[in-house]
Amino acid sequence: MPEPSVLDYLKALFSFGRRRLPAIPTRPAKEFKRAAARALVVPRPATRRVGLRVTLPWRSIAAFALFLLAQLMWSEPTKAAVAGAVLALAGAALAVWGITQGEWRLPQIEKAKVDRKPLGFRRVPLGIGLLFFALTFLFSGGNRFTLLNVTFWLLSILFVLAAFWQLPQSPKATWNKVKAFWRQPNWSLPIVRWTLVLVAAFAVIAFFRFSQLGSAPTEMTSDHAEKLLDVNDIFHGQYSIFFERNTGREPLQFYFTAALAQVFGTGISFLSLKLGTVLLAFISLVYVYLLGKELGGRWVGLFALLLVGLAFWPNLLARTGLRFSLFPTFAAPTLYYLLIALRRGRLNDFLLCGLFMGIGLNGYTAFRIMPLVAAAAVVIFLLHKTNTEQRRRALIGFALLALVALVICTPLLRYAVEHPATFSQRVSTRMLEAERAYSEPVGLTFIKNVWNGLTMFNYDGGQIWLVGLPGQPALDMVSAALFLMGILLAIFRYARTRSWLDLFLLISIPLLMLPSTLSLAFPEENPAMNRASGAWIPAFLLAALALDAFLHGLRDKLGANLGLRVAQGLGAIILLAFALSNYGLFFGSYLYRYDASSWNSSEMGAVIADYAGSFGSYESAWVVPYAHWVDTRLVGISAGVPEHDYAIWPDQLTNTLTTPPPKLFLLRPADEEGLSVLRQLYPQGLLSYHESRVPGKEFLAYFVPAQVTGQ
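Note that the coordinates shown come from a computational prediction; the quantities given were computed from them, not determined experimentally.

Draft legend 1. Up close: the nonpolar core. In this structure, Trp313, Phe327, Leu342 and Phe457 are the most contacted members of the largest nonpolar core, which totals 149 residues. Here the element with the most residues in this core is helix H26 (residues 536–558); it accounts for 14 residues. Those residues in contact with Phe457 that sit more than four places away from it in its chain are Trp313, Pro473, Ala474, Leu475, Ala480, Phe483, Ile509, Met513, Ala535 and Ala539. Within the second largest apolar cluster, 21 residues are counted, among which are Phe145, Ile157, Ile408 and Leu412.

Draft legend 2. Expanded view of the sheet that holds strand E4 (residues 699–704). In space, the four strands of this open sheet follow the order E1-E2-E4-E3, with mixed pairing throughout. Unpaired on one side and paired on the other, strand E1 (621–623) and strand E3 (686–690) mark the two borders of the sheet. Averaged over all pairs of adjacent strands, the angle between their axes in this sheet comes to 20°, without regard to strand direction. Where E3 and E4 come together, five bridges link them in antiparallel fashion. Bridge assignment links His690 to a residue of E4, and that residue is Phe699.

Draft legend 3. Seen up close, helix H19 (residues 410–418). Every buried residue of H19 is accounted for by Thr410, Pro411, Leu412, Arg414, Tyr415 and Ala416. Check the buried side of H19 and you find it contacts helix H6 (123–138), helix H7 (147–164), helix H16 (347–361), helix H18 (388–408) and helix H20 (420–423).

Draft legend 4. Structural context of the packing of helix H17 (residues 370–384) against H18. Interhelical geometry of H17 versus H18 gives an angle of 170° and a closest axis separation of 10 Å. By the angle class used here, H17 and H18 are roughly antiparallel. Touching Ala374, Ala375, Val378, Phe381 and Leu382 of H17 are Gln390, Arg391, Ala394, Leu395 and Phe398, all from H18.

Draft legend 5. Representation of the pairing of E4 within the structure. Among the six residues of E4, six are classified as buried, and the element is accordingly described as predominantly covered. Burial of the side chains of E4 extends over both faces: Phe699, Ala701 and Phe703 are buried on one face and Leu700, Tyr702 and Val704 on the other. With five bridges joining them, strand E2 (residues 663–667) and E4 adopt antiparallel strand pairing. Looking across to E4, one finds that Leu667 is bridged to Leu700.

Draft legend 6. Region of interest: the confidence of the model for the protein chain. Taken as a whole, the protein chain shows an average pLDDT of 91; of its residues, 92% reach a score of 70 or greater. A low-confidence stretch, residues 39–54 (pLDDT under 50), is modelled with 29 contacts involving residues beyond four sequence positions or located in other chains.

Draft legend 7. Inspection of the layout of surface pockets at higher detail. In this structure, the largest pocket spans a volume of roughly 1100 Å³. In terms of lining residues, the largest pocket is bounded by 42 residues, among which Arg426, Arg430, Glu525, Asn530 and Arg531 are the most central. Among the elements of the structure, helix H10 (222–235), helix H21 (425–431) and helix H25 (514–517) are those that each provide at least two residues to the lining of the largest pocket. For the lining of the largest pocket, the element with the highest residue contribution is H21, accounting for six residues. Its residues placed into classes, the lining of the largest pocket shows 19 nonpolar, 12 polar and 11 charged.

Draft legend 8. How the structure looks around a nonpolar patch on the surface. Taken together, the side chains of Trp175, Val178, Phe181, Trp182 and Trp187 make up a nonpolar region of the molecular surface, amounting to roughly 620 Å² of accessible area. Inspection of the secondary structure puts Trp187 in the loop between helix H8 (171–182) and helix H9 (193–210). For Trp187, a relative accessible area of 49% translates into the label partly exposed.

Draft legend 9. Seen up close, the environment of Arg426. As for its placement among the helices and strands, Arg426 is situated in helix H21. Using a relative accessible area of 29% as the deciding quantity, one classes Arg426 as partly exposed. A sequence separation of 60 residues divides Arg426 from Ala366, and the C-alpha atoms of the two residues are 9.7 Å apart. Apart from the residues lying within four places of it in its own chain, the contact partners of Arg426 are Asn246, Thr247, Gly248, Arg249, Arg323 and Thr365.

Draft legend 10. Structural view of the side chain of Glu250. Mapped onto the elements, Glu250 comes out in the loop between H10 and helix H11 (252–264). Polar contacts involving the side chain of Glu250 include one to the side chain of Arg323, which spans 2.7 Å. A distance of 3.2 Å separates polar atoms of two side chains, one belonging to Glu250 and the other to Thr365. Those residues in contact with Glu250, other than ones at most four positions away along the chain, are Phe242, Arg323, Leu361, Asn362, Gly363, Tyr364, Thr365, Arg368 and Leu412.

Draft legend 11. Examining the packing of aromatic side chains more closely. Applying the stated criterion to the full structure yields 41 aromatic pairs. Summarising the aromatic geometry, the rings of Phe145 and Tyr255 are spaced 5.8 Å apart at their centres and angled 75° between planes, so their arrangement reads as edge-to-face. Here Phe145 is found in the loop between H6 and H7, whereas its partner Tyr255 is found in helix H11, with 110 residues between them in sequence. Among the residues examined, Phe145 registers a relative accessible area of 13% and is labelled buried. Counting every residue linked through ring pairs, the aromatic cluster contains Phe207, Phe208, Trp465, Tyr583, Phe586, Phe587, Tyr590 and Tyr594.

Draft legend 12. Local environment of the pairing of E2. Counting buried residues in E2 gives five out of five residues, a clear majority hidden from the surface. The alternating pattern of E2 places Lys663, Phe665 and Leu667 on one face and Leu664 and Leu666 on the opposite face, and all of these are buried. Two elements, E1 and E2, share three bridges in a ladder whose sense is parallel. Directly across from Trp622, in E2, lies its bridge partner Phe665. For the crossover from E1 across helix H29 (residues 632–639) to E2, the handedness is left-handed.

Draft legend 13. Layout of the side chain of Asp349. Inspection of the secondary structure puts Asp349 in helix H16. On the basis of relative accessible area, Asp349 is assigned to the buried category, the value being 5%. Of the polar contacts made by the side chain of Asp349, one reaches the side chain of Arg346; its length is 2.7 Å. When neighbours within four sequence positions are excluded, Asp349 is seen to be in contact with Tyr337, Ile340 and Ala341.

Draft legend 14. Broad picture of empty space enclosed by the protein. For the coordinates displayed, the defined rule picks out five cavities of 30 Å³ or more. Approximately 80 Å³ is the volume found for the largest cavity. Every residue lining the largest cavity is counted, 14 residues in all, and those nearest its centre are Arg209, Ala281, Ser284, Val308 and Trp536. Secondary structure elements with two or more residues in the lining of the largest cavity: helix H12 (270–296), helix H14 (312–319), helix H15 (326–344) and H26. Take the lining of the largest cavity: its biggest share by element is four residues, from H12. When the residues that make up the lining of the largest cavity are grouped by side-chain class, the tally is 10 nonpolar, three polar and one charged. There is about 60 Å³ of room inside the second largest cavity. Lining the second largest cavity, in full, are Leu291, Leu335, Leu339, Phe504, Leu505, Ser508, Leu512, Ile537, Pro538 and Leu541. At the level of elements, H15, helix H24 (500–512) and H26 are the ones that each hand at least two residues to the lining of the second largest cavity. Among the elements that take part in the lining of the second largest cavity, H24 stands out by supplying four residues, more than any other.

Calculation criteria
- Residues numbered from 1 in each chain as written.
- Predicted model: local features only at pLDDT ≥ 70, side-chain atom pairs only at ≥ 80, totals over all residues.
- Heavy atoms only, no water.
- Core = buried A, V, L, I, M, F, W, Y, C linked by side-chain atoms within 4.5 Å.
- Buried < 20%, exposed > 50% of the residue type's maximum accessible area, 1.4 Å probe, protein only.
- Helix = DSSP H or I, 4+ residues; strand = E, 2+ residues; numbered from the N terminus.
- Contact = heavy atoms within 4.5 Å.
- Pairing = 2+ DSSP bridges.
- Axes fitted to C-alpha atoms, helices over the stretch in contact; angles between N-to-C directions.
- Parallel < 35°, antiparallel > 145°, perpendicular 65-115°, else oblique.
- pLDDT = per-residue confidence, 0-100.
- 1 Å grid on protein atoms, 1.4 Å probe; cavity = no way out; pocket = protein on both sides within 12 Å on 5 of 7 lines; lining within 4 Å.
- Points joined across faces, edges and corners; volume = space filled by probe spheres on them.
- Nonpolar A, V, L, I, M, F, W, Y, C, P; charged D, E, K, R; others polar.
- Patch = residues over 30% accessible without salt bridge, like charges linked within 9 Å, V, L, I, M, F, W, Y side chains within 5 Å.
- Areas by Shrake-Rupley, 256 points an atom, 1.4 Å probe, with all protein chains shown as cover.
- Salt bridge = Lys/Arg side-chain N within 4 Å of Asp/Glu carboxyl O.
- Polar contact = N/O pair within 3.5 Å; in protein donor to acceptor, adjacent residues only side chain to side chain.
- Phe/Tyr/Trp six-rings, centres within 6.5 Å; stacked < 30°, edge-to-face > 60°.
- Right-handed = clockwise from strand over helix to strand, strands pointing away.

Put into structure tokens, the structure is as follows:
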């Protein structure tokens, strides 16, 4: 057999599956290749072996243990980077050895049934949809939603979808089927055991996501004030397309929060914000399960669901009540419909992908990276497929999803055309030199940012206390160790099967992190666990693949009965340890740091509300600002008067003389200047000291009673 050249091998390697790798004519290499292929792709039948020492998959168990120890080294207070790296490399070596010995059993990606329906469209609905698209753009000026442009907008979406949507049967047949269903005398709802497993999983996740929602976390920040003021604007009839306060934000969260506040009666409050983000994030977990199921079967889907649902990173981002969690919330369905659309070639899946992409683009600025991610998926798919029809459907489908996303973003597009500087301000100030010059060559900064971003999962998630634990990894020990194992397994599975899904899964992580790593003018803001939050979807999917391969490999190695019991027991222990660890990270470590870093505006608002509801009024109370202290707008929101900013600076205190007593002033204990002015103006005032539930957050109340005259 002639020996292939290095060039022949490289050509086949970079053909992305279109050429077969040339065989190396040496027996050891052949045996290695066959053993690795069987271990990774073909499930090994259970065998009866005598002696635990022979059958125990000690390499994979030791690899997992070493990865856990590495995470322990990389976490505070240890932070031993070199020691952790040595342990991780040793774990990787054992994992690779275990792969070659068949100790891991990665699930196969099921072969997709490619849709063969002819591609077409309906001319009349498409023409009407494009007409309404133009009318929406034309009447969306002035940064205002109106009844007219919203009507045009909804009609444009409806008709464009109707122009391309493929029905499984005729409308008449569908209607007859619906009528027949309703006319049935008895309905049955079959429930299988797996359904109960999923219900139990969602119930546990619901406890993690909704438990103590009103008080965890308790206090708001200035970002919350900006968003609640935007919601308050909606209540007062200001229906903006792009909310320009605080450098500008997309509209989705504010309208959804306003709707929830009306439905649940929570008003302008922190709870209204948290309800919206937690509810949307919880619903999106359905697509996390479906993504895992698509990549490796229902067990991978279940593990991915539990890992994302119970992990402290997704939980805390949703509970902050800010727009951060909208990135992964809409990235999950966008990625799901994109992947199944490319695999099956179904036109409807491309349309649904465009629908969720358009909605996501109206949610959070970081989501603007998703069109690039989708384009990368299509390119990777095209590089791996030689079938002309599949490639054609992929290109047409990508064009259609872009059209649907564009139609959904029509009002936002009009605003971007009218106000390009405001619309791009958040991006330009971080990526470009609009606010600050680059501190070093931009290429070098980007390389450093990418490295820091990729290590955030296992080493350091950044220094932003609002969205994570400063200096700590973005993932807990268990999921971080599984993530490292998942990367290795995905690389090996791609090397053997050339599945484009594995390659995309790996590449999507740095792509989804670009909103953080492209912070070139402010590299200290990278990694940012909010801007990189979309990357947790492929990261947890890799972790779920690793857990599934580890447990199934353990079961296969130990044999049918013993292996099943050991795999079930060890899996339960791993998931229990994962759940307890993440519960402690959020409800313990994160909330403690959050309370220490935020200010107790709710306590001040409660004092003013109590004062106004008894013998005072909202107009006769003030907060004297102090550097790096409470946001006085939050005090008004907590007191129930979101339109009122209670700030009054020391040099303005004389203006309060015209207000009849009683009067109330709140101050920071260190504010000697403000207290001195108040004592001069109101010498008979009463000073009281208010304790806080968080030590160090005490404040003063200076009360001027009504009997004081001449003021």
